[in-house]
Amino acid sequence: MVWLWSALVVIVLAAVIVLVSVSRTRWTILQTESDTRIDLVDRLYAYLKSQGIKSRLTGDDRVRTLQVRKQDEERARGLAESFQSKT
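Let me sum up the structure you'll find in this document.

Criteria and thresholds
Residues numbered from 1 in each chain as written. Predicted model: local features only at pLDDT ≥ 70, side-chain atom pairs only at ≥ 80, totals over all residues. Heavy atoms only, no water. Core = buried A, V, L, I, M, F, W, Y, C linked by side-chain atoms within 4.5 Å. Buried < 20%, exposed > 50% of the residue type's maximum accessible area, 1.4 Å probe, protein only. Helix = DSSP H or I, 4+ residues; strand = E, 2+ residues; numbered from the N terminus. Contact = heavy atoms within 4.5 Å. Salt bridge = Lys/Arg side-chain N within 4 Å of Asp/Glu carboxyl O. Patch = residues over 30% accessible without salt bridge, like charges linked within 9 Å, V, L, I, M, F, W, Y side chains within 5 Å. Areas by Shrake-Rupley, 256 points an atom, 1.4 Å probe, with all protein chains shown as cover. Lys, Arg positive; Asp, Glu negative; His and termini not counted. Expected span 1.5 Å × (residues − 1). Polar contact = N/O pair within 3.5 Å; in protein donor to acceptor, adjacent residues only side chain to side chain.

Our focus in this paragraph is the nonpolar core. Counting residues in hydrophobic clusters, the biggest one holds 12 residues: Leu-30, Val-41, Leu-44, Tyr-47, Leu-48, Ile-53, Leu-66, Val-68, Ala-76, Leu-79, Ala-80 and Phe-83. Secondary structure elements with two or more residues in this core: helix H2 (38–50), strand S3 (63–69) and helix H3 (73–86). Setting aside anything within four residues of it in sequence, one finds Val-41 in contact with Glu-33, Leu-57, Arg-64 and Leu-66.

Structural data, given as structure tokens:
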């Protein structure tokens, strides 16, 4: 019976590790800015959200990183270039 529970725990842990590793690779970094240019990343984040691109911000008050899903990367890069040409 102990072997059964041990096997069950190992299977559950393996499933959790696989899910974490799969979810980490779905996002790619689009842009990173620090200090004075953080507001540009925030505005680009809002712009991409308004265009329907799934994105997220990570970081703190000193450095911000904008990440987008890998499947939306090409479209997001094109939108980011058009956004930056407007500003």
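Anyway, onward from the coordinates.
A complete count under the given rule lists four salt bridges for this structure. Notably, a salt bridge pairs Glu-33 with Arg-37, separated by 3.0 Å at the nearest N-O pair. Of the residues examined, Arg-37 reaches a relative accessible area of 40% and is grouped as partly exposed.

Judged by side-chain polarity, Met-1, Leu-4, Trp-5, Leu-8, Val-12, Val-16 and Val-20 come together as a nonpolar surface patch covering roughly 730 Å² of accessible area. Its location among the elements puts Val-12 in helix H1 (residues 2–24). Given the relative accessible area of 46%, Val-12 is considered partly exposed.

Now for the side chain of Asp-72. Topologically, Asp-72 is positioned in the loop between S3 and H3. Despite its burial, Asp-72 remains without a salt bridge, the nearest opposite charge being carried by Arg-75 at 5.7 Å. Dropping the residues within four chain positions of it, Asp-72 is found in contact with Ile-53 and Lys-54.

It is worth spelling out H2 at this point. A rise of 1.5 Å per residue sets the reference length of H2, with its 13 residues, at 18 Å; its end C-alpha atoms lie 19 Å apart and thus fit the reference within 8%. The complete set of buried residues in H2 reads Ile-38, Val-41, Leu-44, Tyr-47 and Leu-48. In this structure, the buried residues of H2 make contact with strand S1 (27–34), strand S2 (55–59), S3 and H3. Immediately beyond the C-terminal end of H2, within one or two residues, lies Gly-52, with a positive phi of roughly 85°.

The next point concerns the side chain of Gln-31. Assignment of secondary structure puts Gln-31 in strand S1. A relative accessible area of 13% means that Gln-31 is categorised as buried. Among the polar contacts made by the side chain of Gln-31, one reaches the side chain of Glu-33 at a distance of 3.0 Å. Only 3.3 Å separates the side chain of Gln-31 from the side chain of Gln-84, close enough to count as a polar contact. Ignoring anything within four residues of it in the chain, the contact list for Gln-31 reads Leu-44, Arg-64, Thr-65, Leu-66 and Gln-84.

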